[in-house]
Amino acid sequence: MTDPAGPRGLRHERGHTLVGAIGYRFLRDHSASMIALDRLFLGEWPDGVVVEDLSYGPIALVPRLEEGGFERVILLGAVSRPGRAAGSVTTYRWDGILPGAEDIQAAVAEAVTGVISLDNALVITRHFRALPDDTIVLEIEPETEAFGEELTPEVEAAVAQACVLVRVLVEGARNADLPRAAIGGRPRVEVAAPLSP
């Protein structure tokens with residue numbers, strides 16, 4: 001199922017799976033998720049799979065998810081995280097656990113000013129109960145941030161890997177074997193309650 005509006009268009013349909021990317025364009029490696037999305041648009045997809053650019057802001061994404069009625073969402077982003085090698089692809093099931101009220105408010109404030117962020121999109125859409133429990137995140141670790149479209153070799157390879165992973169997730173593999181993790185793919189640390197005296 002290809003997108004009749006072209007790689008930067010939106011396809012407002014209902015379906016059981018939404019594949020989307022969040023990010024900015026023309027920032028070289030930091031636009032890797034958008035370049036992956038353009039390539040995914042060119043593929044044929046099973047009925048019920050919607051491929052869409054979701055970079056129009058987390059607040060506007062809430063009604064889109066609500067009206068779409070999606071059972072599963074697969075999100076791509078190019079995000080710098082400490083300790084990850086450039087060109088790495090981190091795939092995880094988001095555990096859906098929200099930060100505290102102040103951090104949620106900060107995410108909303110950033111979104112209102114026009115900041116496009118994978119983290120904010122996750123927090124805001126979950127806070128407003130629009131994001132399904134079955135949410136998979138693929139993060140590409142960027143290297144170079146500069147104006148342009150050229151990717152470094154490591155990130156070019158990561159884009160190809162991410163496209164293959166999306167296809168595997170959509171067409172067969174369920175997410176049961178993926179680790180459930182906090183935003184960024186970090187395992188959530190359980191803090192033991194202090195012992196009573």
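Note that the structure is predicted; figures quoted are calculated from it, not measured.

Colleague: What is the right way to look at the overall build of the chain in this model?
Modeller: Of regular secondary structure, the chain possesses 5 helices and 6 strands. Listed N to C, the secondary structure of the chain is β-α-β-α-β-β-α-α-β-α-β in terms of helices and strands. Buried residues in the chain amount to 53% of all 197 residues. Here the contacts in the chain between residues at least 6 apart in sequence split such that 80% fall between residues at least 24 apart. About 9,700 Å² of surface is accessible on the chain, with carbon and sulfur atoms providing 57% of the total.

Colleague: Would you mind going over the side chain of Thr-135 with me for this structure?
Modeller: Structurally, Thr-135 is set in strand 5 (residues 134-140). Within the local environment of Thr-135, its side chain forms a polar contact with the backbone oxygen of Pro-132, the two atoms lying 2.6 Å apart. Residues contacting Thr-135, with those up to four places away along its chain left out, are Val-73, Tyr-92, Arg-93, Trp-94 and Leu-122.

Colleague: What is the right way to look at a nonpolar patch on the surface in this model?
Modeller: There is a patch of nonpolar side chains on the surface, built from Ile-59, Val-112 and Phe-128 and spanning about 290 Å² of accessible area. Take Phe-128: it is sitting in the loop between helix 4 (118-127) and strand 5. Given a relative accessible area of 42%, Phe-128 falls into the partly exposed group.

Colleague: What is the right way to read the pairing of strand 2 (residues 49-53) from this model?
Modeller: A regular strand places its side chains so that they alternate between the two faces of the sheet. Counting buried positions over the 5 residues of strand 2 gives 5, a clear majority of the element. Of the two faces of strand 2, both are covered, the one formed by Val-49, Val-51 and Asp-53 as well as the one formed by Val-50 and Glu-52. In the sheet, strand 1 (residues 17-22) pairs with strand 2 via 5 bridges, with the strands oriented parallel. Note on strand 2: the bridge partner recorded for Val-19 is Val-51. In this view, the connection linking strand 1 to its parallel neighbour strand 2 by way of helix 1 (residues 32-41) has right-handed handedness.

Colleague: Looking at this model, I keep getting lost on unusual backbone geometry. Mind explaining?
Modeller: In terms of backbone geometry, most residues other than glycine have negative phi values and most peptide bonds are trans. Here Phe-26, not a glycine, exhibits a phi torsion of approximately 65 degrees, which is positive. On the basis of relative accessible area, Phe-26 is assigned to the partly exposed category, the value being 34%.

Colleague: Could you clarify how one ought to interpret the nonpolar core in this entry?
Modeller: Soluble globular proteins tend to bury their nonpolar side chains together. By size, the foremost hydrophobic cluster in this structure holds 29 residues, and its most contacted members are Val-19, Leu-76 and Val-166. Elements that contribute at least two residues to this core include exactly strand 1, helix 1, strand 2, strand 3 (72-78), strand 5 and helix 5 (153-171). Sorting elements by how many residues they give to this core places helix 5 first, with 8 residues. Beyond its immediate stretch of four places on either side in the chain, Val-166 contacts Val-19, Leu-40, Trp-45, Ile-74, Leu-76 and Leu-138. Listed in part, the 28 residues of the second largest apolar core include Leu-18, Val-73, Leu-122 and Leu-131.

Rules used throughout
Residues numbered from 1 in each chain as written. Predicted model: local features only at pLDDT ≥ 70, side-chain atom pairs only at ≥ 80, totals over all residues. Heavy atoms only, no water. Helix = DSSP H or I, 4+ residues; strand = E, 2+ residues; numbered from the N terminus. Buried < 20%, exposed > 50% of the residue type's maximum accessible area, 1.4 Å probe, protein only. Contact = heavy atoms within 4.5 Å. Areas by Shrake-Rupley, 256 points an atom, 1.4 Å probe, with all protein chains shown as cover. Polar contact = N/O pair within 3.5 Å; in protein donor to acceptor, adjacent residues only side chain to side chain. Patch = residues over 30% accessible without salt bridge, like charges linked within 9 Å, V, L, I, M, F, W, Y side chains within 5 Å. Salt bridge = Lys/Arg side-chain N within 4 Å of Asp/Glu carboxyl O. Pairing = 2+ DSSP bridges. Right-handed = clockwise from strand over helix to strand, strands pointing away. Core = buried A, V, L, I, M, F, W, Y, C linked by side-chain atoms within 4.5 Å.

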